[in-house]
Amino acid sequence: MRRPSSAGRPSSTGGHAPRPRAEQAEQLGFEGMPERLFVCTPSKLGAYADCPRRYRYSYVDRPAPPKGPPWAHNSLGASVHNALRSWYALAPERRRPEALTGLLRGTWVREGYRDDEQERAAYRRALGWLEAYVETLEPDTEPLGVERVVAVKTAVLAFNGRADRIDSRPGPDGPELVIVDYKTGRTGLDSDDARGSQALALYAYAAERTFRRPCRRVELHHLPTGTVAAHEHTVESLARQLSRAEETAHDIMAAEKAIADGADPDDAFPTDPSPRCGWCDYRRTCPAGSQTPGKDPWAAVEQPAEGTPAQG
Ligand code: SF4
């Protein structure tokens, strides 16, 4: 679950705190002028909420600092997602469990594993997850979208994101949409994870407007355990998540503006050290992260570990 935006977060080096955007507008005499929209994805918002410095390394600094090596858990997650996308690309009569071996082989991402033996074990595990998962799918039910991009504009955001799956299911007043997100991490998930996921809420908000149908239910499908963690949003809870995303966007725009006005970029985007640093792509660049022992690229597919990153 992502933490709230870092609005008001003190600078780690005691420098200037970015000023609120509303205050800037007042000082510059721009009231009433349309503000530029903040173009974002769930990953972009999540990166800032996790750590403003990581956001800067990913989205502001150009050239971007070098990343660490690829992670095996990302490869595993991508392989499973790709195989499920390929599954739905098959004609319904060809969606048989025996097709999965070819689908997973065809989309397998090899990077990050310690050795061939570990990679083979991960492949067998992933195939088992997929075989069990497709048994739970309704053979005659076609999703409304698979890896479908949904987008929406608000007064602050131009949001777009790719939902793993969007289902259309019968509701009391007609078809309703459901956002489905596949998860392959080591730890199980519960309804609090589904409720707290800003990404899922924004997908639901955007899908409702894209398809002009109610979309309140969000589901995390955790393939390793075969469990589904679900939450039914309300108009109000979606609005709250949207409002938090807009606050994060304001914080980011204020920090970018502060740099443009001459602030030290290290002050505008402070570090936020946590157990996640061991998994951060920019640990070697970051002054806080470089003091944290790094994880092996395959650590998250080997054993449960503190701060293990979420796997999509
Ligand atoms: S190493 Fe830690 S503090 Fe540094 S950018 Fe990454 S997450 Fe942030």
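Everything numeric here is computed off the predicted structure, so don't read it as measured data.

In terms of helices and strands, the chain carries 11 helices and 6 strands. When each of the 312 residues of the chain is scored for burial, the buried share is 38%.

Here we take up the site of the ligand. Surrounding the ligand, one finds 14 residues, the nearest of these being Cys51, Cys277, Cys280, Cys286 and Gly289. Of the residues assigned to the shell around the ligand, the class counts are 7 nonpolar, 2 polar and 5 charged.

In terms of nonpolar packing, the biggest core is built from 42 residues, with Ile179, Leu200, Leu202, Tyr203, Ala204 and Ala207 touching the most fellow members. Taken together, the elements giving at least two residues each to this core come down to β1 (38-40), α2 (42-50), β3 (157-171), β4 (174-183), α8 (198-211), β5 (215-222) and α9 (235-260). For this core, the element with the highest residue contribution is α8, accounting for 9 residues. Within the second largest apolar cluster, 22 residues are counted, among which are Leu84, Tyr113, Tyr133 and Tyr182.

Next up on the list: the environment of Gly145. Along the chain, Gly145 turns up in strand β2 (residues 145-153). For Gly145, a count of 21 C-beta atoms within 10 Å gives the class buried. Taking the C-alpha atoms as reference, Gly145 lies 9.6 Å from Tyr88; in sequence the two are 57 residues apart.

Our next topic: helix α4 (residues 72-89). For α4, spanning 18 residues, the distance from its first C-alpha to its last is 26 Å, which sits close to the expected 26 Å at 1.5 Å a residue. What α4 keeps buried is the set Ala72, His73, Asn74, Ser75, Leu76, Gly77, Ser79, Val80, His81, Ala83, Leu84 and Trp87.

It is worth spelling out the UniProt feature "coiled-coil region" (unreviewed entry) in the chain at this point. Cross-referencing UniProt, the feature "coiled-coil region" (unreviewed entry) maps to residues 228-255 in the present numbering. Segment residues 228-255 splits into 75% helix and 18% strand. End C-alpha atoms: 38 Å apart.

Attention now moves to the pairing of β2. Pairing analysis gives 8 bridges linking β2 to β3, with the strands arranged antiparallel. When the sheet's bridge partners are listed, Lys153 is paired in β3 with Ala158. The turn joining β2 and β3, which pair antiparallel and follow one another in sequence, is formed by 3 residues.

Cis rather than trans, the peptide bond between Arg62 and Pro63 has omega equal to 0 degrees. Tracing the chain through its elements places Pro63 in the loop between α3 (52-60) and α4. We note that Glu147 has phi near 45 degrees; this positive angle belongs to a residue other than glycine. By secondary structure assignment, the location of Glu147 is in strand β2. Given 15 C-beta atoms within a 10 Å radius, Glu147 is considered partly exposed. Even without being glycine, Arg212 reaches a positive phi, approximately 55 degrees. Mapped onto the elements of the fold, Arg212 is located in the loop between α8 and β5.

Turning our attention to α9. If you check α9, its first and last C-alpha atoms are 37 Å apart, about what 26 residues at 1.5 Å a residue would give, namely 38 Å. Buried within α9 we find Gln241, Leu242, Ala245, Thr248, Ala249, Asp251, Ile252, Ala255 and Ala258. In this structure, the buried residues of α9 make contact with β1, α2, α3, β3, α8 and α10 (265-268). Just downstream of α9, Gly262 is the residue with a positive phi angle, here 110 degrees.

About the criteria used
- Residues numbered from 1 in each chain as written.
- Predicted model: local features only at pLDDT ≥ 70, side-chain atom pairs only at ≥ 80, totals over all residues.
- Helix = DSSP H or I, 4+ residues; strand = E, 2+ residues; numbered from the N terminus.
- Buried ≥ 20, exposed ≤ 12 C-beta atoms within 10 Å, placed from the backbone.
- Near = placed C-beta within 6 Å.
- Nonpolar A, V, L, I, M, F, W, Y, C, P; charged D, E, K, R; others polar.
- Core = buried A, V, L, I, M, F, W, Y, C linked by C-beta atoms within 7 Å.
- Expected span 1.5 Å × (residues − 1).
- UniProt positions renumbered as here; feature names shortened; annotations may be inferred.
- Pairing = 2+ DSSP bridges.
- Contact = placed C-beta atoms within 7 Å.

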